[in-house]
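Per-entry structural report
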Amino acid sequence: MTNPLILHHYDASPYAEKIRLMFGLSGAAWQSLLSPVQPPRPHLDPLTGGYRRIPVAQDGADIFCDTAIITAEIAARCGSAALDPAGLDETTTALMRDAEQKVFFAAIGVVPPAKLLLTMLLNFGPLGMYRFIRDRGNLMRGGTTRPAQGARARAIFEGHLAALEAHLADRPWMNGDAPSLADFAIYHPLWLHTSCTRGAVPGGPRTRDWFARVTAIGHGQREEIKPEQAFTAAREAQPRPLPEDTDSLEGCAPGQRVAVAPTDYGVVPVHGELAAVTADRII
């Protein structure tokens, strides 16, 4: 590794918690720049063109959006095979996919509304709670994700916990004898649920023991920085060379102005000049 990655995040973000634990697994030094829980984010928006979701990672003039891309960057910098999804067995991959999709929203849906409101009130205050609820409501509009509620959320969440308990019967970690990407992906909805309820970790004894082991990994070598340091790092660096092997997008060519947006939720477009397309990135 050369310069530490800068992580733009906020401490209560479950997606950021996944990334922070990856730094812990690799023992990497990284720089932390805290952002508000919802836009506007004046320390981040000028770097991303207003990309709505968080966390975002920065390496000089290169900005990485989406936790899958950030994971790949950390894995490459640290030489960590444990963060490669190709190394996971089939059952673990299925559990990870469920955790990151339907279980994540079910983990919130099963929290009693009064308890959820109290947690938000304690964390954000009355005005902050109102802004947070309004922002998260807008975040779900227009996308393909439909979070489960009520009995459906309870069935998804409890079924997932039962599957985790069974999966851990013959292994200490999700993919076997050592921690991997799957542990962090499966951990983060349970971390979110526990943060919202301010109560005990859900699940059976093996799941709770595993949760404690993941927590103990920690966040590596974290250094808080100021916004000016991130702006300076971007301004004074040259972006990395574009990949030589690129894909194409129908109707789009490098140099064109384009708008790029997620499809699942938070479908807020970022506008810019298309530089390159690869199998997993639009640059």
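These notes cover the structure that comes with them. (Residues numbered from 1 in each chain as written. Predicted model: local features only at pLDDT ≥ 70, side-chain atom pairs only at ≥ 80, totals over all residues. Heavy atoms only, no water.)

**A few points about helix H8 (residues 205–217)**
The end-to-end C-alpha distance of H8, which contains 13 residues, comes to 19 Å, matching closely the 18 Å that a straight helix rising 1.5 Å per residue would cover. Of all the positions in H8, only Thr207, Trp210, Phe211 and Val214 are classed as buried. Taken around the axis of H8, the buried residues stretch over an arc of 105 degrees, which confines them to a single face. Looking at the buried residues of H8, the elements they touch are helix H1 (14–26), helix H6 (150–167) and helix H7 (181–197). Positive phi shows up at Gly218, right after H8, with a value of about 75 degrees. (Helix = DSSP H or I, 4+ residues; strand = E, 2+ residues; numbered from the N terminus. Expected span 1.5 Å × (residues − 1). Buried < 20%, exposed > 50% of the residue type's maximum accessible area, 1.4 Å probe, protein only. Arc of directions from axis to C-beta. Contact = heavy atoms within 4.5 Å.)

**Focus: the environment of Val260**
Along the chain, Val260 turns up in strand S6 (residues 257–260). Taking the C-alpha atoms as reference, Val260 lies 9.5 Å from Leu274; in sequence the two are 14 residues apart. Every residue in contact with Val260, bar those within four places of it in the chain, is listed here: Val268, Pro269, Val270 and Ile282.

**Concerning the packing of helix H4 (residues 90–109) against H6**
Here H4 crosses H6 at 145 degrees, and the two axes come no closer than 9 Å. Remark: the crossing between H4 and H6 carries left-handed chirality. Contact residues: H4 offers Thr91, Thr92, Leu95, Asp98, Ala99, Lys102, Val103, Ala106, Ala107 and Gly109, while H6 offers Gly150, Ala153, Ile156, Phe157, His160, Ala163, Leu164 and His167. (Axes fitted to C-alpha atoms, helices over the stretch in contact; angles between N-to-C directions. Left-handed = near helix turned anticlockwise from the far one by under 90°.)

**Some thoughts on the sheet that holds strand S2 (residues 29–34)**
Strand order in the open sheet formed by five strands is S4-S3-S1-S2-S5, and the pairing between neighbours is mixed. The open sheet terminates on both sides in strands that have one partner only, identified here as strand S4 (62–65) and strand S5 (221–224). Pairwise comparison of adjacent strand axes, ignoring direction, gives a mean angle of 30 degrees for this sheet. Alignment of strand S1 (residues 6–9) against S2, held across four bridges, turns out to be parallel. In the strand pairing of S2, Ile6 is matched with Gln31. Against the sheet, H1 engages S1, S2 and S5, with an angle of about 155 degrees to S1. (Pairing = 2+ DSSP bridges.)

**Let's talk about unusual backbone geometry**
Residue Pro40 follows Pro39 across a cis peptide bond; omega there is 0 degrees. In this structure, Pro40 sits in the loop between S2 and helix H2 (45–48). You will see that Arg198, though not glycine, has its phi angle at about 55 degrees, which is positive. Considering the arrangement of structural elements, one finds Arg198 in the loop between H7 and H8. Judged by relative accessible area, Arg198 falls into the partly exposed class, the value being 45%.

**Looking at the pattern of salt bridges**
A side chain of one charge can pair with a side chain of the opposite charge when the charged atoms of the two come close. Under the defined criterion, the tally for this structure stands at 17 salt bridges. A salt bridge links Glu17 to Arg20; the shortest N-O distance between them is 2.8 Å. Taken together, the residues span about one helical turn, with Glu17 and Arg20 both in helix H1 at a distance of three residues. Using a relative accessible area of 5% as the deciding quantity, one classes Glu17 as buried. Arg240 is the salt-bridge partner of Asp59, the closest N and O atoms lying 4.0 Å from each other. Separated by 181 residues along the polypeptide, Asp59 in strand S3 (residues 56–59) and Arg240 in the loop between helix H9 (227–236) and S6 bring together distant segments of the chain. For Asp59, a relative accessible area of 17% corresponds to the buried category. Connected via shared salt-bridge partners are Asp59, Asp62, Glu73, Arg77, Arg240, Asp280 and Arg281. (Salt bridge = Lys/Arg side-chain N within 4 Å of Asp/Glu carboxyl O.)

**Things to note about helix H5 (residues 113–139)**
With 27 residues, H5 extends only 19 Å from end C-alpha to end C-alpha; this falls clearly short of the ideal 39 Å at 1.5 Å per step. At Gly125, H5 shows its maximal bend, which comes to roughly 110 degrees, and the proline Pro126 appears one to four places after that position. Turning to H5, its buried residues are Leu116, Thr119, Met120, Gly125, Gly128, Met129, Phe132, Asp135 and Leu139. Where H5 is buried, its residues contact H4 and H7. (Bend = angle between axes of the 7 residues up to and from the residue.)

**Comments concerning the packing of H5 against H7**
The contact between H5 and H7 brings their axes to 8 Å, and the two run at 85 degrees. Here H7 runs roughly perpendicular to H5, going by the angle between their axes. Across the interface between the two elements, Lys115, Leu116 and Thr119 of H5 pack against Ser195, Cys196 and Thr197 of H7. In terms of residue class, the contact of H5 with H7 is made up of two nonpolar, three polar and one charged. (Parallel < 35°, antiparallel > 145°, perpendicular 65-115°, else oblique. Nonpolar A, V, L, I, M, F, W, Y, C, P; charged D, E, K, R; others polar.)

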